[in-house]
Amino acid sequence: MANSTQISIEKQGPATLTILPTYRCTAACEQCCFGSNPDIRERLTLEEIVDSIKTAHRNFSSLRHVVFSGGECVMIGDDLFESIRVATELGLGTRIVSNGYWGASKNKSAITAKRLRESGLKEINISTGRDHAKFVSIDAVLNAMTDAVSQGIFGFLTVEKDAEDSAVFNEITADPRFAALNALGESRFRYQINTWMKFNEQHKDRGTSASTKPNSPCSQLFSNLVVTPHKNISACCGLTHEHIPEMRIGSLDTNGLAAAYEAQTKDFMKIWIHVDGPDGIIKKVYGGNPPPELISNDHMCDTCARLHKCDQTRSLVRERYQEFYPDVMFRYEMKNLLDRISQPN
Ligand code: SF4
Ligand code: SF4
């Protein structure tokens, strides 16, 4: 929903560039948001990754971090280490998101952790839980995390909320390697339990984790810029972003990163999601009484997908958005102003 004549926003930019080099993965979790599996072949080339990092750095003085996720980003091997090195040399912080499969061999775990540190990696996030553990053992996860943290890389472990028939989190916390990591303190290692979101009919509801805020403003929009394995540029890397065509804001082959980012700052719908969250929009356009099935109890990205896919809601948004426009824009501009004031020079 573009309204370029009325919107006037001072220049802003993303703090984070997220590179999804591939949706290929060693695992094939049943509820993977990207349907990742070992047979997927498409990926970004090293040149495309490095060019994206350099282009983002050149165009956005706001850029602070590069995140490599997927799929399983460690599967691109040397290209990952080189990409981290390039980002580090530009003065950017780096994080990878992995399933920790490379911890299955003690030797490979130690070598990979050392190479990640030598490349300049600052943070590693490893995801595990009941579905992940069907493909990557808890032993591998704890080896990978232990070796990475021992190299001085900050470690963050995300565990799927257990189902009634699983006790993976208890298995992890009972392991002496977890106790040793936890004893290092929050400056070196942290963990959280995440809601495991439904993506197909095999899903069994496990309830919502305390760390998940299903109803809140979306902080990803405008602060993150995402490059996908198909050379598309996405406004976010929320769990449902590939299920919402509106989140695709460009392509490396057509408009490029800077123009794609600029264009989305003129899209009132993204501004509204950023300020009020998808649930806030739904509640407003339905006069505070939305159909309950539109609001997800699990995850805000789930609600976001429902907002974009429901024809009735889309019509209501089109009919009513101008009623809310002045208030939303005022709060958006105030937020930007406060963010700029609080940012270090
Ligand atoms: S490990 Fe992550 S990326 Fe790989 S299949 Fe599982 S959820 Fe998807
Ligand atoms: S709430 Fe919507 S815009 Fe925000 S991260 Fe999720 S899918 Fe993306």
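Residues numbered from 1 in each chain as written. Chains lettered and ligands numbered in written order. Predicted model: local features only at pLDDT ≥ 70, side-chain atom pairs only at ≥ 80, totals over all residues. Heavy atoms only, no water.

Rules: UniProt positions are given in the numbering used here, feature names are shortened, and annotations may be inferred rather than shown by experiment.
As recorded in an unreviewed UniProt entry, the protein chain goes by Radical SAM protein and comes from Pseudoduganella rivuli. What the UniProt record of the protein chain gives under Cofactor (unreviewed entry) is the line "[4Fe-4S] cluster".

1. A closer look at a nonpolar patch on the surface
We count it as follows: For patch building, the residue pool is restricted to those with more than 30% relative accessible area and no salt bridge; the joining distance is 9 Å between like charges and 5 Å between nonpolar side chains (Val, Leu, Ile, Met, Phe, Trp, Tyr). Accessible areas in this description were obtained via Shrake-Rupley with a 1.4 Å probe; residue shielding takes into account the shown protein chains only. Here, a salt bridge means any side-chain nitrogen of Lys or Arg that lies within 4 Å of a carboxyl oxygen of Asp or Glu. By definition, any uninterrupted DSSP run of H or I lasting at least four residues is a helix, any uninterrupted run of E lasting at least two residues is a strand, and each is numbered from the N terminus.
Residues Phe330, Met334, Leu337, Leu338 and Ile341 make up a contiguous nonpolar surface patch of roughly 520 Å² in combined accessible area. Its place among the elements puts methionine 334 in helix 10 (residues 311–342).

2. Some details on the confidence of the model for the protein chain
Put simply, the rule reads: Per residue, pLDDT captures the predictor's confidence, and it can take any value from 0 to 100. In what follows, residue pairs with any heavy atoms lying within 4.5 Å of each other are defined as contacts.
Of the residues in the protein chain, 90% reach a pLDDT of 70 or more, and the chain-wide mean stands at 91. Considering only residues more than four positions removed or in separate chains, one finds that residues 2–10, a stretch of pLDDT under 50, has 22 contacts.

3. Points about helix 3 (residues 106–119)
Just so we agree on the cut-off: What a helix is expected to span follows from its residue count: subtract one and scale by 1.5 Å. A simple rule labels every residue: compare its accessible area, found with a 1.4 Å probe on the protein chains alone, to the largest value its type can have, and call it buried under 20%, exposed over 50%, or partly exposed in between. It is the directions from the helix axis to the C-beta atoms whose arc is reported.
In this model helix 3 runs 20 Å from its N-terminal to its C-terminal C-alpha over 14 residues, within 8% of the 20 Å that 1.5 Å per residue would give. Of all the residues in helix 3, the buried ones are Ser109, Thr112, Ala113, Leu116 and Ser119. On an axial view of helix 3, the arc spanned by its buried residues comes to 125°, and they lie on one face. With respect to the buried face of helix 3, the exposed residues turned more than 90 degrees away are Lys106 and Asn107. Summarising the contacts, the buried residues of helix 3 are in contact with helix 2 (78–89), strand 3 (93–98), strand 4 (123–128) and helix 4 (138–150). Immediately beyond the C-terminal end of helix 3, within one or two residues, lies glycine 120, with a positive phi of roughly 110°.

4. Some words on the packing of helix 1 (residues 46–59) against helix 2
As a reminder, the rule being used: Helix axes are fitted to C-alpha atoms over the stretch in contact, other axes to C-alpha atoms as well, and angles between N-to-C directions run from 0 to 180 degrees. Throughout, the term roughly parallel applies to angles under 35 degrees, roughly antiparallel to angles over 145, roughly perpendicular to angles from 65 to 115, and oblique to all others. Handedness of a crossing is defined here by the sense of rotation of the near helix relative to the far one, left-handed for an anticlockwise turn of less than a right angle and right-handed for a clockwise turn. Classes in brief: Ala, Val, Leu, Ile, Met, Phe, Trp, Tyr, Cys and Pro nonpolar; Asp, Glu, Lys and Arg charged; the others, Gly included, polar.
Here helix 1 crosses helix 2 at 15°, and the two axes come no closer than 10 Å. With respect to helix 2, the element helix 1 is oriented roughly parallel. Helix 1 and helix 2 meet at a crossing whose hand is right-handed. For the pair formed by helix 1 and helix 2, the contact residues are Leu46, Ile49, Val50, Ile53 and Lys54 on the first element and Asp79, Glu82, Ser83, Val86 and Ala87 on the second. Looking at the contact of helix 1 with helix 2, its residues break down into six nonpolar, one polar and three charged.

5. Examining the side chain of asparagine 125
Along the polypeptide, asparagine 125 turns up in strand 4. Those residues in contact with asparagine 125, other than ones at most four positions away along the chain, are Arg95, Ile96, Val97, Ser98 and Phe156.

6. Looking at the site of ligand 2
Put simply, the rule is: Think of it this way: one heavy atom of a residue within 4 Å of a molecule or strand is enough to make that residue near it.
Around ligand 2, the neighbouring residues are Cys218, Gln220, Leu221, Cys236, Gly238, Thr240, Ile244, Met247, Met300, Cys301 and Cys304. Within the shell around ligand 2, the residues separate by chemical class into eight nonpolar, three polar and no charged.

7. Quick word on the pattern of salt bridges
Overall, the coordinates contain 22 salt bridges when judged by the stated rule. Two residues, aspartate 175 and arginine 177, come together in a salt bridge whose shortest N-O distance is 3.0 Å. Linking aspartate 279 and lysine 283 is a salt bridge whose minimum nitrogen-to-oxygen distance equals 3.2 Å. Residue aspartate 279 and its partner lysine 283 are both found in helix 8 (residues 268–285); the two are separated by four residues, about one turn of the helix. When its relative accessible area of 35% is taken as the criterion, lysine 283 is described as partly exposed. Through salt bridges with shared partners, one network takes in Asp276, Lys284, Asp327 and Arg331.

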